[in-house]
Amino acid sequence: MQPRNSRLNSSALRGAVDLAAVKAAGEAAQKAEQARAERARQAAAADSAGAVPAQSAHQLVIDVTEDTFETEVVQRSTEVPVVIDFWAEWCGPCKQLSPILEDLAEEYAGRFVLAKIDVDANQLLSQQFGIQGIPAVMAVVAGQLVPLFQGAESAANIRKILDQLILVAEQRFGVAGGAAVPGGAEAAAPQRPEDPALSAAHDALDSGDLGGAIRAYQNVLIEQPGNTEAKLGLAQAELLKRIEGLDLQAVRAAAAADPKDVEAQLKAADLDLVGGHVEDAFGRLVTTVGRTAGEDRDAARVRLLELFEVIGVEDPRVVAARTALARVLF
């Protein structure tokens, strides 16, 4: 929701749509660690009592219905990535794909859980997920939907997809399943110590100290160039810094008046994104790349890549925009 007046500021925008991702990732990591600690406590208590551990460490393959979706998928996704296999009895390719996914669930030994949803018996879920054809495979991580693929795939290709999913789940959301052990219990994953430098950067962003947040995230990345959370935080802080003092109506009027004004298109794309109009922001910049050349084209392309970082490179809207960018570039 936009503020009532047309002048935007960082405090008004914090928490808008995708800009809450850093905070969400931290909260998801905390929930995941708490869940793993609780499972470890329960397993230890069962061992000391000489009891057989209950199946609190989840089954690797589960059938999910509309009634159990919230518990079995959404809540469980705070502890382990949940891969969803949408299938039907009449679907020939499903009969080829499902056994592969089930075998991989066993092979990965608890690093993800496979949830099977019969689209005929659960039509509401099928509609909510926008399933157009089956088999279709998606994932939920910390309550966030991650589309994976549609149609049959080889085990080798699926392994690559799963490896990327598990990496994103752990690095961005702190969600990592533990390895399964005999008796149905999971090995508790070691808790990661909180990074003081990253926490300081998050605090600066939350308090509106955008310059301090930018410097803090940059310092983290100097020491840890591959830190996904720091990259996301830096992209968000830089975006908020760029829109400080911008007049929404004036920017939109300038962009509409002269589509060839690259600077106006860059500012409008930033405002589109923070207003929740992600596809509009991406489409505006892809169009600008297509109609420009030289330094102007490079400026639009670089800004588009920066906005990809804000949303997250695995987001389906980013994937679609990358494809569109490739078409206009080549």
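A quick note: this is a predicted structure, and the numbers were derived from the prediction, not measured.

A. Examining the overall build of the protein more closely. When you go through the protein residue by residue, the secondary structure sums to 14 helices and five strands. Per-residue burial for the protein yields a buried fraction of 45% across its 330 residues. Considering only residue pairs separated by 6 or more positions, the protein has 67% of its internal contacts joining residues 24 or more positions apart. As displayed, the protein offers around 16,300 Å² of accessible surface, 52% of which is attributable to carbon and sulfur atoms.

B. A look at the state of the cysteines. The full count for this structure, using the stated rule, is one disulfide. Between the sulfur of C91 and that of C94 lies a disulfide, 2.4 Å long from S to S. Between C91 and C94, the disulfide has an S-S torsion of 80 degrees and is therefore right-handed. Comparing C91 with C94 shows no difference in burial state: the two are buried.

C. Broad picture of the packing of aromatic side chains. Inspection of every chain in the model, using the stated rule, returns four aromatic pairs. Ring centres of F86 and F129 lie 5.2 Å apart, and the angle between their planes is 55 degrees; on these two criteria the pair is classed as tilted. Pair noted here: F86 is in strand β2 (residues 82-87) and F129 is in the loop between α5 (123-128) and β4 (136-141), with a separation of 43 residues, a long-range link. The two residues F86 and F129 agree in class, both being buried. Ring geometry for F282 versus F308: centroids 5.1 Å apart, planes at 85 degrees, classification edge-to-face. Within this pair, whereas F282 is found in helix α12 (residues 278-291), its partner F308 is found in helix α13 (residues 294-311), the two being separated by 26 residues in sequence. What makes F282 buried here is its relative accessible area of 3%. Three or more aromatic residues joined by ring pairs make a cluster, and in this case those are F69, F86 and F129.

D. Inspection of the sheet that holds β2 at higher detail. Taken together, the five strands give an open sheet; going across it, the order is β1-β3-β2-β4-β5, and neighbouring strands pair in mixed fashion. Lying at the two open borders of the sheet, with one neighbouring strand each, are β1 (61-63) and β5 (144-150). Ignoring strand direction, the axes of neighbouring strands in this sheet form an average angle of 25 degrees. In this sheet, β5 lies alongside β4 in antiparallel orientation, the contact comprising six bridges. Counterpart to V137 in the pairing with β5 is F149.

E. Highlighting the nonpolar core. In this structure, Y217, L273, F282 and L307 are the most contacted members of the largest nonpolar core, which totals 46 residues. Mapped onto this core, the elements with two or more residues apiece are α7 (196-207), α8 (210-223), α9 (228-243), α10 (248-257), α11 (262-274), α12, α13 and α14 (316-329). Ranked by size, the runner-up nonpolar core spans 23 residues in total, among them F69, V82, V113 and A136.

F. A look at the side chain of T292. Topologically, T292 is positioned in the loop between α12 and α13. What makes T292 buried here is its relative accessible area of 14%. Residues contacting T292, with those up to four places away along its chain left out, are V262 and R297.

G. Up close: the environment of L248. Along the polypeptide, L248 turns up in helix α10. Taking the C-alpha atoms as reference points, L248 and A268, 20 residues apart in sequence, are found 8.2 Å from one another.

H. Region of interest: the pairing of β2. Summarising burial for β2: six of the six residues are buried, a large majority. A two-sided burial pattern is seen for β2, the buried positions comprising V82, I84 and F86 on one face and V83, D85 and W87 on the other. Judged from the six bridges that link them, β2 and strand β3 (residues 113-118) form a sheet pairing that is parallel. Looking across to β3, one finds that D85 is bridged to K116. Considered for its hand, the β-α-β crossover made up of β2, helix α4 (residues 92-107) and β3 is right-handed.

Parameters at a glance
- Residues numbered from 1 in each chain as written.
- Predicted model: local features only at pLDDT ≥ 70, side-chain atom pairs only at ≥ 80, totals over all residues.
- Heavy atoms only, no water.
- Helix = DSSP H or I, 4+ residues; strand = E, 2+ residues; numbered from the N terminus.
- Buried < 20%, exposed > 50% of the residue type's maximum accessible area, 1.4 Å probe, protein only.
- Contact = heavy atoms within 4.5 Å.
- Areas by Shrake-Rupley, 256 points an atom, 1.4 Å probe, with all protein chains shown as cover.
- Disulfide = S-S within 2.5 Å.
- Phe/Tyr/Trp six-rings, centres within 6.5 Å; stacked < 30°, edge-to-face > 60°.
- Pairing = 2+ DSSP bridges.
- Axes fitted to C-alpha atoms, helices over the stretch in contact; angles between N-to-C directions.
- Core = buried A, V, L, I, M, F, W, Y, C linked by side-chain atoms within 4.5 Å.
- Right-handed = clockwise from strand over helix to strand, strands pointing away.

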